[in-house]
Amino acid sequence: MTDRRHILFAAHPTVGHTSALRAMGAELRARGHATSFAIVHARVPFASLWPEPVRAASNLPAAIAAEGAEVLELAASPASLWHAARLPRATGQTELEIALALFTSGLEAQARQVAEHIRRTGAAFVVGDYLMPAALLGARLAGRPFVAVYHSALPFPAEGAPPFGTVLPESARGGDAWREAEARLARMCAGFDARIARAARKLGLERPRDGLLLRPISRDLNLLATAPELEPGLLPLDGKVVMTGPCLAQGAALDDAGRAVLDALPRDRRIVYLSLGTVFNGQPAVFRSLIAGAAAAGTHVVVSAGASFDALADLRSPSVHIHRRVPQVPLLGRVDAVVTHGGNNTVQECLAAGRPMVVIPFGGDQLANAHRVERLGVGVRMNAADLSVDAVKSAVVSLADARIVARSIGLARALEAYRGVHAAADAVLGIRP
């Protein structure tokens, strides 16, 4: 290859904010390009004693290196561990507020490190998560283009959608709660802009424009791993924006444990998959309610329990399979419906697989995802405080409705035309430094 390039990826160490980047990196390496991944590496003492999000973050760099990318460390600020430990217990706009504080901790120092990694590797450009402003500033400092990657269009305003980070019904529009949520979101946006502007000034860079949280952040290219069909009511976006469709890992090999999960599934029963993702899976009481409700609906239940695995051991039965983790994308091809917290990865993967969802959001983008799933007609939303056995059973049964099933399958077929990671790689390689 005569035009072999080096691409530097950058993100904070969360599964949700690295999955699309990792899938893109794998595709670019398959095309003969070199990739590095700059990621905040939080080394913590007695890692097994920390909350699940911190443990997952500390293990992520090794997982990325195992995929074939060169891992380049970015130093974690002392405040980042404090924010990360608080996230699982936060909900709604409080969770979003903590997340923004986490993603801007150590911003100036990390931007300098990103710039140094660019110079050392000779990277032609930087591809970073949209909530990694250190990547934006580091790219500018090194004089390289910056490609921002969005898991969906959720941060952007949409007609009829409640303020980002809330789960307010449309009927609340114009009321006190709606106005208070809008005002709080405006304060968070202003704080996000101010922290980035302050770091830019210290780095000797031009101040970025305001409104960075709710509009495309990059002046070079913004990749949205979604499609218009998945974003009802999305208002026009300014700047350079390409929708690629969901960017999912392609053909990852199953290990023995993964094959065992799939081999244990029945062929003659309806199967429901339960997952609360990485950050919120340390809630055995919530899992118990969901498992009981799904089992009452007469389904076979497969659970990805994470940190709740040991606490749920007594619930195992021939029809309830509880695993610490599962091969999620292959599993989605074998199940009939999904009960989820509504994280971006799981929602996008379910949409691509054509699987209806019950969404129980806890905060941040999960709230917006739950709203989107309902508006798309591919599932229902439940509140975490309302998980009685009868309520969960009713929600799970509703996913068998022929209209929901048909809508889910139809959207999945429409998404196939977008080419996902292939389209994303094409767009990245189309940039000329």
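**What about the overall build of the chain?**
For the chain, the helix and strand inventory stands at 15 helices and 13 strands. Relative to the 2.2 N^0.38 estimate, which gives 22 Å for 433 residues, the radius of gyration of the chain is 21 Å and therefore close to what a compact globule would have. A principal-axis box enclosing the C-alpha atoms of the chain has dimensions of 60 × 55 × 45 Å. Within the chain, the fraction of its 433 residues that count as buried is 55%. Contacts in the chain between residues far apart in sequence, at least 24 positions, make up 67% of those at least 6 positions apart. Of the roughly 17400 Å² of accessible surface on the chain, 54% is carried by carbon and sulfur atoms. Each charge class in the chain can be summarised by its mean position, and for the 46 positive and 38 negative side chains these summaries are 3 Å apart.

**Describing the sheet that holds strand E12 (residues 357-359)**
Read across the open sheet, the 6 strands follow the order E10-E9-E8-E11-E12-E13; overall the sheet is parallel. Each of the sheet's edge strands pairs with one partner strand only, and the pair in question is strand E10 (320-323) and strand E13 (379-381). Across the sheet, the axes of successive neighbouring strands diverge by a mean angle of 15 degrees, strand direction being ignored. Two strands pair when backbone bridges link them, and strand E11 (residues 337-340) and E12 are joined in this way by 3 bridges, in the parallel orientation. Opposite Thr340, over in E12, you have Val359 as the bridge partner. Here helix H9 (residues 284-296) sits on the sheet and contacts strand E8 (271-275), strand E9 (300-304), E10 and E11; the angle it forms with E9, its principal contact strand, is near 160 degrees.

**Description of the nonpolar core**
With 52 residues, the main nonpolar core has Leu8, Leu137, Phe146 and Ile217 as its most contacted residues. Those elements giving two or more residues to this core turn out to be strand E1 (6-11), strand E2 (34-41), strand E3 (70-75), helix H4 (92-103), helix H5 (107-121), helix H6 (133-142), strand E5 (146-150) and helix H7 (176-202). Among the elements that line this core, the one with the most residues is H7, at 7 residues. Those residues in contact with Ile217 that lie beyond four places of it in its chain are Tyr130, Leu136, Phe146, Ala148, Tyr150, Leu212 and Asn222. Counting 29 residues, the second-largest nonpolar core is a separate cluster that includes Ala11, Met24, Ala425 and Leu429.

**Some words on unusual backbone geometry**
For Arg419, which is not glycine, the phi torsion reads 70 degrees and is therefore positive. Tracing the chain through its elements places Arg419 in the loop between helix H14 (402-415) and helix H15 (420-429).

**A few points about the pattern of salt bridges**
Under the counting rule described, the total for this entry stands at 17 salt bridges. Where Arg5 meets Asp3, a salt bridge forms, and the shortest distance between an N and an O atom there is 3.3 Å. Given a relative accessible area of 7%, Arg5 falls into the buried group. Taking the relative accessible area as the measure of exposure, Asp3 reaches 37% and is therefore partly exposed. With a closest N to O distance of 2.5 Å, Glu67 and Arg22 form a salt bridge. A residue pair is termed long-range when its members are at least 10 positions apart, and Glu67 in the loop between helix H2 (52-66) and E3 and Arg22 in helix H1 (residues 19-30) qualify at 45 residues. Judged by its relative accessible area of 37%, Glu67 falls in the partly exposed class. The exposure class assigned to Arg22 is buried, which follows from its relative accessible area of 17%.

**Some thoughts on the packing of aromatic side chains**
For the coordinates displayed, the defined rule picks out 3 aromatic pairs. Both rings, one in Phe9 and one in Phe37, keep their centres 6.1 Å apart while their planes meet at 15 degrees; by these two values the pair is stacked. Taken as a pair, Phe9 in strand E1 and Phe37 in strand E2 lie far apart in primary sequence, 28 residues in all. For the residue pair Phe9 and Phe37, the accessibility class agrees, reading buried in each case. Both rings, one in Tyr150 and one in Phe156, keep their centres 4.9 Å apart while their planes meet at 45 degrees; by these two values the pair is tilted. You'll find Tyr150 and Phe156 in the same group, each marked buried. Aromatic ring contacts, followed pair by pair, group Tyr130, Tyr150 and Phe156 into a single cluster.

**Points about the pairing of strand E6 (residues 221-224)**
Taking every second residue as pointing to the same face, both faces of E6 are buried, with Leu221 and Leu223 on one and Asn222 and Leu224 on the other. When E5 meets E6, the two strands line up parallel, connected through 4 bridges. Bridge pairing links Val147 to Leu221 in E6. Regarding topology, H7 serves as the crossover connection from E5 to the parallel E6, and that connection is right-handed. Bridging between E6 and strand E7 (residues 241-243) involves 3 bridges; their strand directions are parallel. Residue Asn222 lies in a different strand from E7, and its bridge partner there is Val241.

The rules behind each value
Every chain begins its residue count from 1, and numbering advances along the sequence as written. A pLDDT threshold of at least 70 governs which residues receive local features in this predicted model, and a stricter bar of 80 or more applies before side-chain atom pairs are shown or counted, although totals over entire chains, interfaces and linings include all residues. Side-chain measures here rest on the full set of heavy atoms in the structure, leaving out hydrogens and waters. Put simply, DSSP H or I for four residues or longer makes a helix, DSSP E for two residues or longer makes a strand, and each gets a number counted from the N terminus. Within these notes, the globule rule equals 2.2 Å times the number of residues to the 0.38 power, and the radius of gyration is based on C-alpha atoms. Think of it in three bands: residues with accessible area under 20% of the maximum for their type are buried, residues over 50% are exposed, and the middle band is partly exposed, with areas taken using a 1.4 Å probe on protein chains only. Pairs of residues are marked as contacts when any of their non-hydrogen atoms sit within 4.5 Å. Accessible areas in this description were obtained via Shrake-Rupley with a 1.4 Å probe; residue shielding takes into account the shown protein chains only. Charge convention: Lys and Arg are scored as positive, Asp and Glu as negative, and His as well as the terminal groups of each chain are ignored. Every charge is mapped to an atom, namely NZ of Lys, CZ of Arg, CG of Asp or CD of Glu. At least two bridges found by DSSP between two strands are what make those strands a pair. Between N-to-C directions, angles cover 0 to 180 degrees, with each direction set by a line fitted to C-alpha atoms, over the stretch in contact for helices. Only buried residues count toward a nonpolar core. Its members are Ala, Val, Leu, Ile, Met, Phe, Trp, Tyr and Cys residues joined through side-chain atoms within 4.5 Å. For this document, the term salt bridge refers to a Lys or Arg side-chain nitrogen within 4 Å of an Asp or Glu carboxyl oxygen. Working definition: a ring pair exists when centres of Phe, Tyr or Trp rings (six-membered ring for Trp) sit within 6.5 Å. Plane angles under 30 degrees give stacked, over 60 give edge-to-face, the rest tilted. Here is how to tell: hold the view so the strands point away, follow the path from the first strand over the helix to the second, and if it runs clockwise the crossover is right-handed.

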